[in-house]
Amino acid sequence: MKNHFKTLIAPLLVSAFLISGCASNTVSRIAPFSVAKAKIEAGLSQQESEDVVKNCPFGEPKLEETVNVGPTDLIARDGYVLMHSAVDKIPLWVCEYVVKDQLTGSLNRDDKFQPDPLLKKGRRAELIDYKGSGYDRGHQAPAGDQTKDVTRKLETFYLSNMAPQAPALNQQIWRELETHVRDWLVERGSGYIITGPMFYDPKEENAATATGVVKHKVIGPDEVAVPTHFYKIVVAKDSSGQWQSIAFVMENRKYTKPYDFSKYIESIEWIQERTGINFMPELDSVEQKRLERNASPLWN
């Protein structure tokens, strides 16, 4: 099974990217940022449009114009909305609107992983891509966020909602973070969660070490991209009705207990600058500065 490396441009540094494999087959791809992305938003049904409005806080996340990720597909379901990369075969972001009732049910998990029927072969991950890869099929919208509705829970197991996660991340600290988020939202009654992958190298922050590329693995025949990091953003109202937010970024690796989640807090703005995604494009400028530049004291 393929499990080799690619290189990806650092989003803020250059205007084209080069991808080259380091295994038996080598692929080089240069794609200027001016290449148009294939989208399906225009073909959304009324229900899908309503799902986008319901699940995305302050508007559907948007890619900055200077960032090219290749063809994408927007998938809107009752339980989540995501933007899927046809190149990387993983979501760029996944948005959920979560309410207390759906978190406090007794529906058991049934691991029926399957390719997403809304995506064509060649634009999606297949079960064989993860087999023997050493990586978990890591939920971005967790199955644990759906404990009432069978269909909504089953839809979290589509591979479009997955990204390759190190088992020691997915089954340990990341799972604990998901549990904390659910506890927070049960306390507050409802809220939004935005989750997704990152391709990030701290060396790109320093002009002396920056190269303009980020190396990452790919797995399986479809060359599913293995993220270097993952982010999770939470937005909810406090007891006074004011919006609050917090965001976490974790490297795709094992962490040692005891976990100190304060070490992994980053501002939403920091994540946006390194992914090229505007997560809440319809926020007014005042709220944007307040919510995106710092973590809310509510969550400390």
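Just above sits the structure.
Everything numeric in this text was worked out from a predicted model, so none of it was measured. (Residues numbered from 1 in each chain as written. Predicted model: local features only at pLDDT ≥ 70, side-chain atom pairs only at ≥ 80, totals over all residues. Heavy atoms only, no water.)

*Asks:* Would you mind showing me how to read the environment of phenylalanine 157 here?
*Replies:* Within the secondary structure, phenylalanine 157 is located in the loop between helix 4 (150-155) and strand 9 (162-165). For the pair formed by phenylalanine 157 and lysine 112, sequence separation is 45 residues and the distance between their alpha carbons is 6.2 Å. Discounting residues that sit within four places of it in the chain, phenylalanine 157 has contacts with Arg109, Asp110, Asp111, Lys112, Phe113, Gln114, His139, Ala143 and Met162. (Helix = DSSP H or I, 4+ residues; strand = E, 2+ residues; numbered from the N terminus. Contact = heavy atoms within 4.5 Å.)

*Asks:* What exactly am I supposed to notice about the environment of threonine 256 here?
*Replies:* For threonine 256, the position within the fold is in the loop between strand 14 (243-251) and helix 6 (268-275). A residue is classified by how much of its surface remains accessible, and threonine 256, at 66% relative accessible area, is exposed. C-alpha of threonine 256 to C-alpha of alanine 168: the two residues are 88 residues apart in sequence and 9.6 Å apart in space. (Buried < 20%, exposed > 50% of the residue type's maximum accessible area, 1.4 Å probe, protein only.)

*Asks:* How do you make sense of unusual backbone geometry when you look at a structure like this?
*Replies:* Cis peptide bonds are those with omega within 30 degrees of zero, and the linkage from lysine 257 to proline 258 qualifies with -5°. Relative to the helices and strands, proline 258 is located in the loop between strand 14 and helix 6. Located in the positive-phi region is phenylalanine 58, a residue other than glycine, with phi close to 60°. Relative to the assigned elements, phenylalanine 58 resides in the loop between helix 1 (46-55) and strand 4 (62-63). Given a relative accessible area of 23%, phenylalanine 58 falls into the partly exposed group. Despite not being glycine, glutamate 223 shows a phi value in the positive range, around 50°. Locating glutamate 223 in the fold gives a position in the loop between strand 11 (213-219) and strand 12 (224-225). Among the residues examined, glutamate 223 registers a relative accessible area of 13% and is labelled buried.

*Asks:* Honestly, the packing of aromatic side chains in this entry has me stumped. Any pointers?
*Replies:* Describing an aromatic ring pair means giving the distance of the ring centres and the angle of the ring planes. Overall, the coordinates contain 11 aromatic pairs when judged by the stated rule. Between tryptophan 184 and phenylalanine 248 the ring centres are 6.1 Å apart and the planes differ by 15°, which places this aromatic pair in the stacked class. With tryptophan 184 in helix 5 (residues 167-188) and phenylalanine 248 in strand 14, this pair connects stretches of sequence that are 64 residues apart. Exposure remark for tryptophan 184: the relative accessible area of 16% places this residue in the buried category. Aromatic rings pair up to connect Phe58, Tyr97, Tyr192 and Trp243 into one cluster. Sitting over the ring of phenylalanine 113, arginine 137 keeps its end group 3.8 Å from the ring centre. Over the ring of tyrosine 255 we find arginine 253; its NZ or CZ atom is 4.0 Å from the centre of that ring. (Phe/Tyr/Trp six-rings, centres within 6.5 Å; stacked < 30°, edge-to-face > 60°. Lys NZ or Arg CZ within 6 Å of the ring centre and 35° of its normal.)

*Asks:* Explanation requested: the sheet that holds strand 10 (residues 190-198) in the structure shown.
*Replies:* Within a beta sheet, neighbouring strands are joined by backbone hydrogen bonds and run either parallel or antiparallel to one another. Strand order across the open sheet formed by 6 strands is 5-6-7-10-13-14, with antiparallel pairing between neighbours. In the strand order of this sheet, the two ends are held by strand 5 (72-76) and strand 14, each with one partner. Going from strand to strand, the sheet's axes swing by 15° on average, the running direction of each strand aside. (Pairing = 2+ DSSP bridges. Axes fitted to C-alpha atoms, helices over the stretch in contact; angles between N-to-C directions.)

*Asks:* Can you help me understand the pattern of salt bridges in this one?
*Replies:* A side chain of one charge can pair with a side chain of the opposite charge when the charged atoms of the two come close. Considering all chains together, one arrives at 17 salt bridges under this definition. A salt bridge links aspartate 110 to lysine 112, with the shortest nitrogen-to-oxygen separation between them at 3.6 Å. The exposure class of lysine 112 is partly exposed, given its relative accessible area of 48%. Counted as one network, the salt bridges with shared partners bring together Lys54, Asp78 and Arg152. (Salt bridge = Lys/Arg side-chain N within 4 Å of Asp/Glu carboxyl O.)

*Asks:* Even after reading the chapter, I still don't get the side chain of glutamine 272, so can you show me in this structure?
*Replies:* Here glutamine 272 is to be found in helix 6. Looking at glutamine 272, the relative accessible area reads 13%, which means it is buried. At 3.2 Å, the side chain of glutamine 272 forms a polar contact with the side chain of glutamate 292. The contact partners of glutamine 272, leaving out residues within four places of it in the chain, are Ile277, Asn278, Phe279, Met280 and Glu292. (Polar contact = N/O pair within 3.5 Å; in protein donor to acceptor, adjacent residues only side chain to side chain.)

*Asks:* Explanation requested: the pairing of strand 9 in the structure shown.
*Replies:* Remember that side chains alternate between the two faces of the sheet whenever the strand is regular. Here strand 9 shows two buried faces, one formed by Met162 and Pro164 and the other by Ala163 and Gln165. By the bridge criterion, 4 bridges tie strand 8 (residues 136-139) to strand 9 in an arrangement that is antiparallel. What sits directly across from histidine 139, in strand 9, is methionine 162.

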